[in-house]
Amino acid sequence: MNIWGTGPMENETGAAYGDEVVQDGAFALAEAFDVALDPDTDFLAAEEGHRTLAAAEILAAVLDGETHNITNAGLRAWIQEADPADLAHLQELAQEAVARVLGPDSELPDQWADSADADEWMSGVQTLRARLE
């Protein structure tokens, strides 16, 4: 997987996921959270963790209007056109899904653990969590 930064949209999976949201809208957001929270999934793979964080970043941007972490022009336009009231029901799911990504049965924290950027990644995820409260 190609990662060029610590943000949710700064890796191949997050960037590609942004294109899915432009195409499928709120359905893509809900699906990412549902996959992360699937009770039949014992271990959350890194790819699903990246998708979940990207979905959470996009939802947070819709809800709070902060699009500075969104570099895809099409996705930024989708966010600006989205009605926060239509997506607010996903906020609690997003919070739970991000918590799952950070949990012990998730591959993503382990991948970042030995990285020089681990603290920056965790700080960014904690900021994202705060935006979703």
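Our subject in this report is the structure included herewith. As the structure is a prediction and not an experimental result, all values here were calculated from the model. Residue numbers restart at each chain and count upward from 1, following the sequence in its written direction. Under the rules for a predicted model, residues below a pLDDT of 70 receive no local features and side-chain atom pairs below 80 are neither given nor counted, while totals for whole chains, interfaces and linings still include all residues. Calculated side-chain values reflect all of the structure's heavy atoms, with hydrogen atoms and water omitted.

## A closer look at helix α8 (residues 118-131)
1) Next: Secondary structure elements follow DSSP: runs of H or I of four or more residues count as helices, runs of E of two or more count as strands, with numbering from the N terminus. Given the number of residues in a helix, its expected span is that number minus one, multiplied by 1.5 Å. The end-to-end C-alpha distance of α8, which contains 14 residues, comes to 20 Å, matching closely the 20 Å that a straight helix rising 1.5 Å per residue would cover.
2) Next: Note on classification: 1.4 Å probe, protein chains only; a residue is buried when its accessible area is under 20% of the maximum for its type, exposed when over 50%, partly exposed between these limits. Within the span of α8, buried status applies to Ala118, Trp121, Val125, Leu128 and Arg131. Buried residues of α8, viewed axially, fall in a sector of 150 degrees; they line one side.
3) Next: Here, two residues are considered to be in contact whenever any of their heavy atoms come within 4.5 Å of each other. Buried residues belonging to α8 abut α3 (46-64), α6 (91-102) and α7 (107-113). An arc is given here, and it is the one of the directions from the helix axis to the C-beta atoms.

## Concerning the nonpolar core
Nonpolar side chains in soluble globular proteins tend to end up buried together.
1) Next: The set of buried Ala, Val, Leu, Ile, Met, Phe, Trp, Tyr and Cys residues whose side-chain atoms join them within 4.5 Å is what this entry labels a nonpolar core. Counting residues in each nonpolar core, the largest one holds 37 residues, and the members touching the most others are Tyr17, Leu29, Phe33, Ile58 and Trp78.
2) Next: For this core, the secondary-structure elements that each account for two or more residues are α1 (12-24), α2 (26-36), α3, α4 (73-81), α6, α7 and α8.
3) Next: Examining the composition of this core, we find that 10 residues originate from one element, α3, more than from any other.
4) Next: Non-local contacts of Leu29, meaning those with residues more than four positions away in its chain, are made with Tyr17, Val21, Ala55, Ile58, Trp78, Leu87 and Leu90.

## Topic: the environment of Ala26
1) Next: Its location among the elements puts Ala26 in helix α2.
2) Next: On the basis of relative accessibility, which here comes to 30%, the residue Ala26 falls in the partly exposed class.

## Looking at the packing of α3 against α8
1) Next: Axes here mean lines fitted to C-alpha atoms, for a helix over just the part in contact, with angles spanning 0 to 180 degrees between N-to-C directions. Contact geometry for α3 and α8: axes closest at 9 Å, N-to-C directions at 45 degrees. By the angle between their axes, α3 is oblique relative to α8. The two elements α3 and α8 meet at a crossing, and its hand is left-handed. Of the residues in α8, those in contact with Leu53, Ala56, Glu57, Ala60, Ala61 and Asp64 of α3 are Trp121, Val125, Leu128 and Arg131. For classification purposes, an angle smaller than 35 degrees is called roughly parallel, one larger than 145 roughly antiparallel, one from 65 to 115 roughly perpendicular, and anything else oblique. Note: crossing handedness is left-handed where the near helix turns anticlockwise from the far helix by less than a right angle, and right-handed where it turns clockwise.

## Section: the side chain of Arg131
1) Next: If you trace the backbone, Arg131 turns up in helix α8.
2) Next: The class for Arg131 is buried, based on a relative accessible area of 17%.
3) Next: N or O atoms within 3.5 Å of each other form a polar contact, as long as, within protein, one can give a hydrogen and the other can take it, and as long as residues adjacent in sequence are counted only when both atoms are side-chain atoms. Within the local environment of Arg131, its side chain forms a polar contact with the side chain of Glu57, the two groups lying 2.8 Å apart.
4) Next: Once residues within four sequence positions are removed from consideration, Arg131 is found in contact with Glu57, Ala60, Ala61, Asp64, Glu66 and Asn69.

## Considerations on the side chain of Arg100
1) Next: Positionally, Arg100 belongs in helix α6.
2) Next: Buried and unpaired, Arg100 has Asp105 as its nearest opposite-charge partner, separated by 5.6 Å.
3) Next: At 2.9 Å, the side chain of Arg100 and the backbone oxygen of Thr41 are in polar contact.
4) Next: Discounting chain neighbours no more than four positions away, the residues touching Arg100 are Ala36, Leu37, Asp38, Thr41, Asp42, Phe43, Leu44, Asp105 and Ser106. His is not counted, nor are the chain ends, whereas Lys and Arg count as positive and Asp and Glu as negative. The term salt bridge refers to a pairing of a side-chain nitrogen on Lys or Arg with a carboxyl oxygen on Asp or Glu at a separation within 4 Å.

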